[in-house]
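The chain contents come next:
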Amino acid sequence: MTPVNSYDSTLGGGQDTALPPADALSGHPLVARAARIGQRTRQADRNRPWVLDTAVVTWVFLMFCVPDLVDSDGPHHIHAMITRLPLAGTLALQAGLVLPLLWRRRAPTVTFTLVLTVFLVQLSLGVLLRADAALLVAVYSLALHGRLRHLPWAVAAMAGTLSLVAVRYSSAVSAPDALFFLFSTATAAVALGLAVRIRRAQLAGLRERAARLETERDQRSRLAAITERTRVAREMHDIIGHNLSVIITLADGGAYAAEATPERGKEALLLIGSTGRRALGELRRMLGVLREQSDAPQLNPQPVIADLDALYTRIRAAGPRVVYHSGGDLDTLDPAVQLMVYRIVQEALTNTLKHAGPDTRADVAVSLDGARLRVRVRDTGPPGGPAQRPPHTEGHGLSGMRERAALYGGQVVAGPGPGGGWTVEAVLNLAPVPEPSGGPT
């Protein structure tokens, strides 16, 4: 998978562009090591989230609560304005400020409310503690983990509380200076929480997009495999079905003629061998296409409209009379279109041989009029009556013809003819698809 921070040179108009400094920094060993440590930390936090919560509470206690217990007088310039509590009272207020941080990620709004309440109680008692920094941790956790609709109310409540602090100690510290310091600190805590939250959301979106791209890639691979299997199955049906039908018909005819006219039996055997070799060659060509080896043998080209004469010769050898009519400059057609015409005619004549038998006549017409290509194959049916075709079932051959025609916006119609027999007609539109209008200018 391509890394998220990779730099695409095509963004600069297709010209080679030097990597930005951020990419050079990301390859530094210290940065890579820090990234690995961060990944391990996140994994450990997902497995045992209580460890990190306890570590935060322990850190706040050591950094802010222990100094209050060692030096409880506070700053000397406001010594006369603060109330000194006994050790038990100090510990109670510190516990009320710090212990709710254990739930700062699971219940950030409740944690902030509890800490703010204890802070207001402390303020009303005239007590000043370094553990009040827990209020900044609480509002940071609310911005990071809480519901965003709760954040404006929390910010407003905190702003009002800090204003009370500035007024309470205005005789010792200028109220504007105190407000500037307190609001700057609170704003930094909220901004840091929102920045981390946005970054995590971006990373989650990138991970989701990467997972979705992998899923789409796998789906495209499966669809490509299914499409390839369908194409191969259609080609194999065209090759094997047609040639086996001709071989079976020749074998049946040769068996009847072997005793009366041995020359006709020998001719049938020669035709069977020729048809079998042709089928084997086409199968080898198909299997060669499927191989992914660079030393694959040279393959014969796909059949085109000019190869229809050889097809008619094989069909006539099996018994049916084939009359061919063409119109338009068919040799100028794209090779893929010519292959499609060949396969449609081949399948239609195979069905004629299979259902109408050897004593029938097939009229084949291929005409090109501008961008409209028409292929029509009609047989007269068996001598004794109409061709017996399944009325409500559709084989793979007809569905394959329709799939081929659909590639060019065409359709295939198959059914009984007006005077008996069976008719297959395909009409294709070879006009180029117009470019969509309203593109970027």
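Basis of the calculations
- Starting afresh in each chain, residues are numbered from 1 along the sequence in its written order.
- Where totals are concerned, whole chains, interfaces and linings use all residues; where local detail is concerned, this predicted model gives features only for residues with pLDDT of at least 70, and gives and counts side-chain atom pairs only at 80 or more.
- Only hydrogens and water are set aside when side-chain values are computed; all heavy atoms of the structure are taken into account.
- The way it works is that DSSP assigns letters per residue, a run of H or I at least four long becomes a helix, a run of E at least two long becomes a strand, and they are numbered from the N terminus.
- Partly exposed describes any residue whose relative accessible area lies between the buried limit of under 20% and the exposed limit of over 50%, with all areas from a 1.4 Å probe on protein chains only and scaled to the type maximum.
- Between two residues, a contact is recorded if the distance between any of their heavy atoms is within 4.5 Å.
- To measure how exposed things are, a 1.4 Å probe is used in the Shrake-Rupley method; for residues, cover is taken only from the protein chains shown.
- The arc in question is the one traced by the directions running from the helix axis out to the C-beta atoms.
- For a helix, the expected span equals 1.5 Å multiplied by the number of residues minus one.
- Only C-alpha atoms enter the line fits that serve as axes; for helices the fit covers just the stretch in contact. Angles between N-to-C directions range over 0 to 180 degrees.
- Any angle that falls under 35 degrees is termed roughly parallel, while one over 145 is termed roughly antiparallel, one within 65 to 115 roughly perpendicular, and all others oblique.
- Crossings are classed by handedness, with left-handed meaning an anticlockwise turn of the near helix from the far one by less than a right angle and right-handed meaning a clockwise turn.
- Two strands are said to pair when DSSP picks up at least two bridges between them.
- The patches reported here contain residues having more than 30% relative accessible area and no salt bridge. Joining distances are 9 Å for like charges and 5 Å for nonpolar side chains (Val, Leu, Ile, Met, Phe, Trp, Tyr).
- Take a side-chain nitrogen of Lys or Arg and a carboxyl oxygen of Asp or Glu: if they are within 4 Å of each other, that pair is a salt bridge.
- By definition, the crossover connecting two strands over a helix is right-handed if that path, from the first strand to the second, turns clockwise as seen with the strands pointing away from the viewer.
- N or O atoms closer than or at 3.5 Å make up a polar contact, with two conditions inside protein: a donor-capable atom paired with an acceptor-capable one, and, for residues adjacent in sequence, both atoms drawn from side chains.
- None of His or the chain ends enter the tally, which takes Lys and Arg as positive and Asp and Glu as negative.
- Where a charge lies is defined by one atom per residue type: Lys uses NZ, Arg uses CZ, Asp uses CG and Glu uses CD.
- Centres within 6.5 Å are what make two rings of Phe, Tyr or Trp a pair, Trp counting through its six-membered ring; a difference in plane orientation under 30 degrees is then read as stacked, over 60 as edge-to-face, and the rest as tilted.

1. Looking at the overall build of the chain
(1) Moving on: When its secondary structure is counted, the chain shows twelve helices and five strands.
(2) Moving on: Classification of the 441 residues of the chain by burial places 33% in the buried group.
(3) Moving on: A separation of at least 24 residues holds for 68% of the contacts in the chain among residues at least 6 apart in sequence.
(4) Moving on: Put simply, the chain shows about 26,900 Å² of open surface, and 61% of that area lies on carbon and sulfur atoms.

2. Examining helix α10 (residues 308-317)
(1) Moving on: Residues Leu-308, Leu-311, Tyr-312, Arg-314 and Ile-315 constitute the buried set of α10. When α10 is viewed along its axis, its buried side chains cluster within an angular range of 160 degrees and face the same direction.
(2) Moving on: Residue Gly-319 follows α10 closely and has a positive phi angle near 130 degrees.

3. A few points about the environment of Thr-275
(1) Moving on: Tracing the backbone through its elements, the reader meets Thr-275 in helix α9 (residues 262-290).
(2) Moving on: Between the C-alpha atom of Thr-275 and that of Ile-247, which follows or precedes it by 28 residues, the distance is 6.8 Å.

4. Brief notes about helix α4 (residues 87-98)
In an α-helix, one turn spans 3.6 residues, which is why side chains three or four residues apart end up on the same side.
(1) Moving on: When the terminal C-alpha atoms of α4 are compared, their 16 Å separation across twelve residues agrees well with the 16 Å that a helix rising 1.5 Å per residue should span.
(2) Moving on: By the burial criterion, the buried members of α4 are Thr-90, Leu-93, Gln-94, Gly-96, Leu-97 and Val-98.
(3) Moving on: Each element contacted by the buried residues of α4 is listed here: α3 (49-70), α5 (108-125) and α6 (134-145).

5. What to know about the packing of α5 against helix α7 (residues 151-168)
Helix packing for two helices is described by the angle between their axes and how far apart those axes are.
(1) Moving on: Where α5 contacts α7, the two axes come as close as 11 Å, and the packing angle between them is 15 degrees. Our classification of the angle between α5 and α7 gives roughly parallel. Crossing of α5 against α7: the hand is left-handed. For the pair α5 and α7, the contacting residues are Phe-112, Leu-116, Phe-119, Leu-120 and Leu-123 in the first and Ala-154, Ala-157, Met-158, Thr-161, Leu-164, Val-165 and Arg-168 in the second.

6. A few points about the environment of Val-115
(1) Moving on: Summarising the element assignment, Val-115 is placed in helix α5.
(2) Moving on: Taking relative accessible area as the criterion, Val-115 reaches 0% and is therefore assigned buried.
(3) Moving on: Separated by 22 residues in the primary sequence, Val-115 and Val-137 place their C-alpha atoms 9.7 Å from one another.
(4) Moving on: What Val-115 contacts, discounting residues up to four positions off in sequence, is Gly-96, Leu-97, Pro-100, Ala-134, Leu-135 and Ala-138.

7. A word on the sheet that holds strand β5 (residues 422-429)
(1) Moving on: Here five strands make up an open sheet; going across it, the order is β1-β2-β3-β5-β4 and the pairing mixed. Edge positions in the sheet fall to β1 (321-327) and β4 (411-416), since each of these pairs with one other strand and no more. The average angle at which neighbouring strand axes cross in this sheet is 10 degrees, direction not considered.
(2) Moving on: Relative to β5, β4 runs antiparallel, the two sharing six bridges. Bridging from a neighbouring strand, Gln-411 pairs with Val-427 of β5.
(3) Moving on: Seen against the sheet, α10 touches β1 and β2 (361-369) and runs at an angle of roughly 160 degrees to β1.

8. Description of a nonpolar patch on the surface
(1) Moving on: A surface patch of nonpolar side chains, amounting to about 430 Å² of accessible area, comprises Phe-61, Leu-62, Leu-69, Leu-87 and Leu-91.
(2) Moving on: The set of elements that each furnish at least two residues to the nonpolar patch consists of α3 and α4.
(3) Moving on: Of all the elements, α3 adds the most residues to the nonpolar patch, at three residues.
(4) Moving on: Mapped onto the fold, Leu-91 is located in helix α4.

9. A few points about the pairing of β2
(1) Moving on: Only one face of β2 is buried, namely the one carrying Ala-362, Val-364, Val-366 and Leu-368, since none of Arg-361, Asp-363, Ala-365, Ser-367 and Asp-369 on the opposite face is buried.
(2) Moving on: As defined by bridge partners, β1 adjoins β2 across seven bridges and the pair is classed as parallel. What sits directly across from Arg-321, in β2, is Arg-361.
(3) Moving on: Where the polypeptide runs from β1 across helix α11 (residues 335-355) and back to β2, its parallel neighbour, the crossover connection is left-handed.
(4) Moving on: Sheet topology note: the β2/strand β3 (residues 372-379) ladder contains eight bridges and is antiparallel. By the bridge assignment, Val-364 is partnered in β3 with Val-377.
(5) Moving on: What sits between β2 and β3 in their antiparallel hairpin is a turn of two residues, with Gly-370 showing a positive phi close to 70 degrees.

10. Focus on the side chain of Asp-379
(1) Moving on: Structurally, Asp-379 is set in strand β3.
(2) Moving on: The class for Asp-379 is buried, based on a relative accessible area of 2%.
(3) Moving on: Engagement of the side chain of Asp-379 in a polar contact is seen with the backbone nitrogen of Gly-381, the distance being 3.0 Å.

11. Quick look at the pairing of β3
Along any regular strand the residues' side chains alternate between the sheet's two faces.
(1) Moving on: On β3, burial follows the alternation: Leu-373, Val-375, Val-377 and Asp-379 on one face are buried, whereas Arg-372, Arg-374, Arg-376 and Arg-378 on the facing-out side are not.
(2) Moving on: Relative to β5, β3 is paired through eight bridges, and the arrangement is antiparallel. Counted as the bridge partner of Arg-378 is Thr-423 from β5.

12. Comments concerning a positive patch on the surface
(1) Moving on: Taken together, Arg-42, Arg-46, Arg-200 and Arg-207 make up a surface patch of like positive charges.
(2) Moving on: Mapped onto the positive patch, the elements with two or more residues apiece are α2 (29-47) and α8 (175-260).
(3) Moving on: Tracing the backbone shows Arg-42 in helix α2.

13. A look at the packing of aromatic side chains
Aromatic ring pairs are described here by two measures, namely the spacing of the ring centres and the angle between the planes.
(1) Moving on: What the rule picks out here adds up to two aromatic pairs.
(2) Moving on: On the numbers, 6.0 Å between centres and 85 degrees between planes, the contact of Trp-59 with Phe-64 is edge-to-face.
(3) Moving on: Judged by its relative accessible area of 47%, Trp-59 is partly exposed.
(4) Moving on: Each ring, one from Tyr-312 and one from Tyr-324, has its centre 5.0 Å from the other, and the planes form 50 degrees; the classification is tilted. Residue Tyr-312 is located in helix α10, and its partner Tyr-324 is located in strand β1; the two are separated by twelve residues in the primary sequence.
(5) Moving on: Exposure remark for Tyr-324: the relative accessible area of 24% places this residue in the partly exposed category.

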